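# Coordinates in review
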Protein chains: 2
Amino acid sequence: MSSPDPIIRSKQTEKNVNGISTEVVCTAFSNYIFVVLTQYRKIGTLISVTPESRSNDISTPSFSTKVLLGKDEPMTHVCAKNLATFVSQEAGNRPVLLGLALKDSSLDSVKQMKDIIRSCKVW
Amino acid sequence: MSSPDPIIRSKQTEKNVNGISTEVVCTAFSNYIFVVLTQYRKIGTLISVTPESRSNDISTPSFSTKVLLGKDEPMTHVCAKNLATFVSQEAGNRPVLLGLALKDSSLDSVKQMKDIIRSCKVW
């Protein structure tokens with residue numbers, strides 16, 4: 001039985017992105033924002049996106065990405081940073097745990113996906 | 001805007017386990033069951049619990065555990081197997097991605113936690 005007002009906030013939605021059904025699940029834990037973006041219903045590649053605390057230059061925040069599960073490809077890191085940076089920044093620099101299973105990771109699609117993540121704001 | 005009948009099923013609840021508030025979030029992806037069991041609102045240590053396909057002896061299914069994020073301690077593996085094996089078996093041998101942040105991992109508490117996970121059955 002789910003609580004009507006759960007303490008751990010979670011939101012999800014489904015939208016069409018350039019013809020492909022795209023699902024997003026966002027859950028806010030105290031130490032991580034968990035975001036899954038999937039076009040296969042899979043959790044996909046799991047990446048941690050962590051703000052670098054070393055950076056002293058506030059104008060250019062830096063993020064480190066690490067593939068925890070799945071294929072470690074250069075494009076995955078680029079895509080993960082692109083999708084998760086704004087989440088981390090808006091969530092008070094909390095790291096993001098990101099599940100990515102994309103058929104289409106074109107720049108235009110990724111831009112639309114950011115809006116979908118934004119619509120599931122739990123942070 | 002959340003869909004009223006989302007395709008990715010997720011359930012969560014909060015219960016008291018031996019005096020400690022314990023939250024569970026279960027989400028069913030096609031290739032993983034994602035379970036978070038937390039007494040700190042953190043995602044905690046992230047462990048993958050995967051059924052071994054090599055085993056030919058159906059009477060003793062075997063599981064491998066891997067810590068993806070957080071402290072890798074022997075007790076974590078024991079606890080993860082204890083909590084996630086039944087989920088994987090009930091979910092047609094799907095692997096389980098388990099987040100564990102426990103103050104109390106006594107055998108009695110873990111037994112109660114299995115019942116809480118069972119109450120959030122999404123598989």
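Up top you'll find the structure we're talking about.
What comes next is a walk through the structure. (Residues numbered from 1 in each chain as written. Chains lettered and ligands numbered in written order. Predicted model: local features only at pLDDT ≥ 70, side-chain atom pairs only at ≥ 80, totals over all residues. Heavy atoms only, no water.)

Before going further, it helps to spend a moment on the relation of the copies chain B and chain A. Screw-axis analysis of chain B against chain A gives a translation of 0.0 Å along the axis, an RMSD of 0.0 Å, and a rotation angle of 180°. Taken together, these values place the two copies in the relation of a two-fold axis. It is Leu68 of chain B whose C-alpha, among those of chain B, lies nearest the rotation axis, at 2.9 Å. A high fraction, 100%, of the interface residues of chain B reappear at the interface in chain A, so the copies pair face to face through one surface. (Least-squares fit on C-alpha atoms with pLDDT ≥ 70 in both. Contact = heavy atoms within 4.5 Å.)

Time to look at the interface of chain B and chain A. The interface is formed by 30 residues belonging to chain B together with 30 residues belonging to chain A. In this assembly, chain B packs against chain A so that about 2800 Å² is buried in total across both faces, 63% of it on carbon and sulfur atoms. Counting the surface chain B buries against chain A, the share from its top three residues, Ile7, Ile8 and Gln12 of chain B, is 21%. At the boundary of chain B with chain A, the tally comes to 0 salt bridges. Inspection of the chain B/chain A interface yields 8 residue pairs in polar contact (both at pLDDT 80 or more). Looking at the side of chain B that touches chain A, the elements that each hand over two or more residues are strand S1 (9–17), strand S2 (20–28), strand S3 (33–38) and strand S5 (63–69) of chain B. Ranked by residues supplied to the side of chain B that touches chain A, first place goes to S1 of chain B with 5 residues. Broken down by class, the residue content of the side of chain B that touches chain A amounts to 15 nonpolar, 10 polar and 5 charged. (Buried area = accessible area lost by both parts, 1.4 Å probe. Salt bridge = Lys/Arg side-chain N within 4 Å of Asp/Glu carboxyl O. Polar contact = N/O pair within 3.5 Å; in protein donor to acceptor, adjacent residues only side chain to side chain. Helix = DSSP H or I, 4+ residues; strand = E, 2+ residues; numbered from the N terminus. Nonpolar A, V, L, I, M, F, W, Y, C, P; charged D, E, K, R; others polar.)

At Asn93 of chain A, a position not held by glycine, the phi torsion is positive, near 65°. In this structure, Asn93 of chain A sits in the loop between helix H1 (74–90) and strand S6 (96–101). Of note in this structure, Arg41 of chain B is not a glycine but carries a positive phi near 65°. In this fold, Arg41 of chain B is placed in the loop between S3 and strand S4 (45–51). Among the residues examined, Arg41 of chain B registers a relative accessible area of 44% and is labelled partly exposed. (Buried < 20%, exposed > 50% of the residue type's maximum accessible area, 1.4 Å probe, protein only.)

This next bit is on the pattern of salt bridges. Applying the stated criterion across every chain yields a total of 10 salt bridges over all chains. Linking Glu73 of chain A and Lys71 of chain A is a salt bridge whose minimum nitrogen-to-oxygen distance equals 3.7 Å. Under the relative-accessibility criterion, Glu73 of chain A is labelled partly exposed at 36%. Its relative accessible area of 59% is what places Lys71 of chain A among the exposed residues. Note that Lys121 of chain B is salt-bridged to Glu90 of chain B, the shortest N-O span being 3.4 Å. One end of the pair, Lys121 of chain B, is in the segment after helix H2 (107–119); the other, Glu90 of chain B, is in helix H1 (residues 74–90), and 31 residues separate them in sequence. Among the residues examined, Lys121 of chain B registers a relative accessible area of 37% and is labelled partly exposed.

Residues and elements named next belong to chain B. Position of Ile33 relative to the elements: it lies in strand S3. A relative accessible area of 0% places Ile33 in the buried class. Taking C-alpha positions, Ile33 is 6.1 Å from Leu97, a pair spaced 64 residues apart along the chain. Setting aside residues no more than four positions away along its own chain, Ile33 makes contact with Thr27, Ala28, Val87, Ala91, Arg94, Pro95, Val96, Leu97 and Trp123.

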